[in-house]
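# Remarks on the overall topology
As a plain string of letters, each chain reads:
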Amino acid sequence: MSLLSISNLSLSIHGTQILERVSLSIEPGEIHGVIGESGSGKSMTAFSVMQLLPDGATCSGELRLDGQDVLHADEAALCAMRGERVGMVFQEPMTALNPLMTIGAQVAETVLIHENVSQAEAMRRAQDALERCELPADTFPMSRFPHELSGGQRQRVVIAMAIALRPKLLIADEPTTALDVTTQAEILSLIRKLVDEDGMGVMLITHDLAVVSGLADHITIMRNGVVVEQGEGATLYRDMTHPYTKALFAASSHQPDRTEAKADAALLRVENVTRSYALPRKAIFGAPKRFVAVDNVSFEIKRGESLGLVGESGCGKSTLTRAILGLEPLQGGVITLDGSPVLSGRQADLSVRRKMQVVFQDPYSSFNPRHKVGRLVAEPFYLLGRTATDEEIEVALTSVGLTPSDKVKYIHEFSGGQRQRIAIARALIIRPELIILDEAVSALDVSIRAQILDLLADLSKRFGLTYLFISHDLSVVRSITDRVLVMKAGKIVEEGATEDVFDTPHHPYTQALIDAVPKLPDLDGIDIGRS
Amino acid sequence: MLRYALKRLGSLLISLIVASLVIFFTLEVVPGDPASFMLGINAQPETLEALREELGLNATKAERYLSWVTGLVTGDLGISYTYRSPVSEIVAERLVISLPLALYALILTVVIAFPVGILAATKRGSLTDVAVMGGTQLGVAIPNFWFAMIMVLIFAINLRWFSAGGFPGWDAGFLVAIKALTVPAIALALPQASILARVMRSSLLDTLSEDYIRTSRAKGLTKRQALRRHALRNALIPVLTIIGLQLSFLLAGAIIIENVFFLPGLGRLVFQAISQRDLIVVESVVMLLVFAVIVVNFLVDLAYVWVDPRLKDRT
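Throughout what follows, the structure given in this document is the object of discussion. Nothing here was measured: the structure is a model prediction, and the numbers come from that model.

### Let's talk about the overall build of chain B
Helix and strand content of chain B: 14 helices and 0 strands. Taken from the N to the C terminus, the helices and strands of chain B come in the order α-α-α-α-α-α-α-α-α-α-α-α-α-α. Taking all 315 residues of chain B together, the buried fraction comes to 43%. By sequence separation, contacts in chain B at least 24 residues apart represent 73% of the contacts at least 6 residues apart. Looking at chain B as shown, the accessible area adds up to about 16100 Å², and 68% of this sits on carbon and sulfur atoms.

### Remarks on unusual backbone geometry
All names here are of chain A. One non-glycine residue with positive phi stands out, namely R21, at about 45 degrees. In this structure, R21 sits in strand β2 (residues 16-26). The class of R21 is exposed, set by a relative accessible area of 57%. The phi angle at N272 is positive, at roughly 45 degrees, despite the residue not being glycine. Looking at the secondary structure, you find N272 in strand β11 (residues 266-278). Relative accessible area serves as the criterion here: at 45%, N272 is assigned to the partly exposed category.

### Remarks on the layout of surface pockets
Within this model, the second largest pocket holds a volume of roughly 1100 Å³. Around the second largest pocket sit 26 residues that line it, and A:D55, B:L208, B:I213, B:R217 and B:K223 are the ones nearest its centre. Within the residue set of the lining of the second largest pocket, elements represented by two or more residues are α5 (87-122), α8 (174-208), α9 (211-218) and α10 (223-252) of chain B. Its residues placed into classes, the lining of the second largest pocket shows 12 nonpolar, 3 polar and 11 charged.

### Looking at the interface of chain B and chain A
Listed per partner, the contact involves 21 residues of chain B and 29 residues of chain A. Interface area, chain B with chain A, both sides summed: about 2300 Å², of which 56% is carbon and sulfur. In terms of surface lost to chain A, no three residues of chain B exceed B:R214, B:A218 and B:K219, which account for 26% of the buried area on that side. Joining chain B to chain A, the criterion identifies 3 salt bridges. Note that A:E109 is salt-bridged to B:R229, the shortest N-O span being 2.6 Å. Linking chain B with chain A are 12 residue pairs in polar contact (both at pLDDT 80 or more). When residues of the side of chain B that touches chain A are traced back to their parent elements, those giving at least two are α9, α10 and α14 (310-314) of chain B. The biggest single contributor to the side of chain B that touches chain A is α9(B), with 6 residues. Considered class by class, the residues forming the side of chain B that touches chain A number 5 nonpolar, 6 polar and 10 charged.

What counts and what doesn't
- Residues numbered from 1 in each chain as written.
- Chains lettered and ligands numbered in written order.
- Predicted model: local features only at pLDDT ≥ 70, side-chain atom pairs only at ≥ 80, totals over all residues.
- Heavy atoms only, no water.
- Helix = DSSP H or I, 4+ residues; strand = E, 2+ residues; numbered from the N terminus.
- Buried < 20%, exposed > 50% of the residue type's maximum accessible area, 1.4 Å probe, protein only.
- Contact = heavy atoms within 4.5 Å.
- Areas by Shrake-Rupley, 256 points an atom, 1.4 Å probe, with all protein chains shown as cover.
- 1 Å grid on protein atoms, 1.4 Å probe; cavity = no way out; pocket = protein on both sides within 12 Å on 5 of 7 lines; lining within 4 Å.
- Points joined across faces, edges and corners; volume = space filled by probe spheres on them.
- Nonpolar A, V, L, I, M, F, W, Y, C, P; charged D, E, K, R; others polar.
- Buried area = accessible area lost by both parts, 1.4 Å probe.
- Salt bridge = Lys/Arg side-chain N within 4 Å of Asp/Glu carboxyl O.
- Polar contact = N/O pair within 3.5 Å; in protein donor to acceptor, adjacent residues only side chain to side chain.

Here is the structure:
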């Protein structure tokens, strides 16, 4: 008998069908990857196992965990099951912990809820769970609060809570999506270690095919609430038959068609730029200490070039971006675009600023929801001191693959991918020379991401655009840039042609980054519909 | 924590000094001479001059400010122009009514608002929630003096459970005195409780949709346990802010209710003192109220740090 067996599970929420006849089973000691894009129903499958579904949800079919009929269990039985026989880890470690409770108390709570033990015994067990998750007491005492830990460390605390009672099944819902690549690799190997130690089954939910390749024993691919393909982890990529699986695979390793830039004169020049912040004053006398976010950084971008800037969270890449846009005062150095300094005094020089535009990561929060798309797209015109004509708005929308009639709609009427097209239209409308793409495709599903990368490559060819492409996702940077900078702790540690840096990294940090990137199996010679 | 408390204390002192300057010099520009008001329009210029000298009205502004502030610190608030008795005594007499009334009303506010707000949040969208939202809307909209009059009509005139007003004094016994303050306290508390219940509800709803509530449910906590152990304390932070504002309001804002119930409290004292140009009383009472507001804010600041450990690092 399987540890988890789901057969013909259907789920509807307020009458809307979310899952349709989903079947999958997980054995003890097995890592089962569930892969799909947003809206595929992969998370809802997990929440069905936990029975933590939104109001108005109704399930049908059969769902058995360790022999127990989950769909017909009452709430008391479910509470006894959650945390005891099945633990769950979530995507966003920054918000998954109660900010007002110590990490020790939060892990101990799992024990206290389920077992009749003393507070001291629960704390001892919590310490044990934290140590198994590689948070030793001497460096991470249990009296720490969540805000005193990094994202990766918080995710370890969440895992410790989930495995404190050694459950038989662990559900991990995009456990590494919000983390840096090196942290992601550590968390994945932690999950592997826990499976090997305890023999628990794991349902590993992700949108990233590469994360599960080499890790999962079985893989289920979902789309629109339906299972489209299932198979062994080792062979699925080779034997995949469903067109969607093939399309997903192709999109994950998508290489936009682009021509290499001709070496030309420098467009943007960053010379010895330093940006530091004063830290809170610790002593009444004496100058406060300073945190150097960008430390004596120099580089240039040539006209028509696509330059990548990679680095993990906190390395200073966002501060550098803001400095280039003239939004940060500098403590040293100068940034020039086309020969003119970006800053005039402490303010951005508008005549320079109008030559560059930016596209941000989050297509959901980077628009004012009360304005129509036509007005949103026309915003950069304030830099020119005039308003946009209807024709200019329509041309901008058309050039990113939308229709002129979209200008009268509101932003909530568009999907994530379409919103990112609108963000690009907004950046394009005043025909800038440089577009800064700050994690511009990171929040998108792989198939949408592939389309946006194609669009960017196409626009660059048509309008001779120069890109500064900032991302923590190395595979995307590799596919769209000519040259790449690697940033660590405020400094550029490596710089070179993209292919050279990825093939023969010189700096140990670059090597570590590239080694940590999960890789898709090489399928040369197998037809996956890639053109 | 101690550093933080000292820092807040420092800013409290600065606020007090600024407030005293503003109060003193604002009242200086108010038209009307207290001495001529006290003696009436037929007073002899010599008598007027003598009274001015006696009241210290002839000294320079800086001297008068300094002696007023020194008096505030030492508890000597001067002599009231109209009552002809020490301001500190008059204020103390009134304070023993106003302070208990404000605290009583605040306790009622919290005792009503917390359960109602929590109930509405946990039963979101249900009939209970709709009833709570409708009821609190009314509570916010209806002026409290009207409430007060309705309650006098019901409890004092028809049911005869309470007296219609007045205060027997604390000498009459604790329970008797508290009974006299009950109807005014309810009248003061109902609108405040309506506001606080709504804040509690929306704050709790925000917290209940946080990721860590989902995490706690995945650990096996029941809805009720998740609410008690994780949601409530997190929801308290915005609620504390409102409670601080309400206490200040209840101390200073009871003028109308005190008039409806014939309670000789601070509000009535200020009202009378202003109409009689008894500036020294006005100054002292206003300063006292400012002091109370600033101290309450100081306590709220300390409470934030006690509730939220994240603030400790910023202190």
